[in-house]
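Per-entry structural report
Chain by chain, the residues:
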Amino acid sequence: MNDLAVKVVREQKRPAAPPSPQPQRKRRFRLTLAEKLLIVSFLLFVFYVAVQFISSQVQIYELNKEVQKLETAIDEQKKENNDLYVEVQRLSAYERILEKAKELGLSLNENHVKVVQE
């Protein structure tokens, strides 16, 4: 056999080496300027909406707190008004007025009493 033929036979007998993997180029994802501006404007809009939402929630909380303070003050004033009404009723009782009049030296003369109807 010819040396050339032996070489070819040997090469055929050898297992073929797997092709060496070539490093694959990483594809970089590039954004255009318009896409970048669109993303930034969207993020700014989301941030603005979030700030507005939180701001409105804080205002609602403050108003609710003020309403509760006013309701407490109203309840206290109603209680005080009721206590004063009871005191007025007690002080305007006929027996008490008659007793006070006698203490001051006044007397009840039934000839001078006039009945007033409402």
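Just so it is clear, the model here is predicted, and its values are computed rather than measured.

Some words on the overall build of the protein chain
The secondary structure content of the protein chain amounts to three helices and zero strands. Taken from N to C terminus, the helices and strands of the protein chain fall in the order α-α-α. Counting over 118 residues, the protein chain shows a buried share of 0%. By element, 59% of the accessible surface of the protein chain is carried by carbon and sulfur atoms, the whole surface being about 12700 Å².

Describing the UniProt feature "transmembrane region" (unreviewed entry) in the protein chain
Mapped onto this numbering, the UniProt entry annotates "transmembrane region" (unreviewed entry) at residues 33–54. Segment residues 33–54 splits into 100% helix and 0% strand. End C-alpha atoms: 32 Å apart.

Topic: the UniProt feature "coiled-coil region" (unreviewed entry) in the protein chain
Residues annotated by UniProt as "coiled-coil region" (unreviewed entry) correspond here to residues 60–87. Across residues 60–87, helical content stands at 100% and strand content at 0%; the span's end C-alpha atoms are separated by 41 Å.

Digging into the pattern of salt bridges
Going through the model one piece at a time under the given rule, you end up with two salt bridges. A salt bridge links Lys-65 to Glu-62; the nearest nitrogen and oxygen atoms lie 3.9 Å apart. With Lys-65 and Glu-62 both in helix α2 (residues 33–91), this residue pair falls three residues apart, about one helical turn. On the basis of relative accessibility, which here comes to 39%, the residue Glu-62 falls in the partly exposed class. Between Glu-103 and Lys-100 there is a salt bridge, with the nearest N and O atoms lying 3.8 Å from each other. Of the two residues, Glu-103 and Lys-100 both sit in helix α3 (residues 94–103), three residues apart, roughly one turn of that helix.

Cut-off values and rules
Residues numbered from 1 in each chain as written. Predicted model: local features only at pLDDT ≥ 70, side-chain atom pairs only at ≥ 80, totals over all residues. Heavy atoms only, no water. Helix = DSSP H or I, 4+ residues; strand = E, 2+ residues; numbered from the N terminus. Buried < 20%, exposed > 50% of the residue type's maximum accessible area, 1.4 Å probe, protein only. Areas by Shrake-Rupley, 256 points an atom, 1.4 Å probe, with all protein chains shown as cover. UniProt positions renumbered as here; feature names shortened; annotations may be inferred. Salt bridge = Lys/Arg side-chain N within 4 Å of Asp/Glu carboxyl O.

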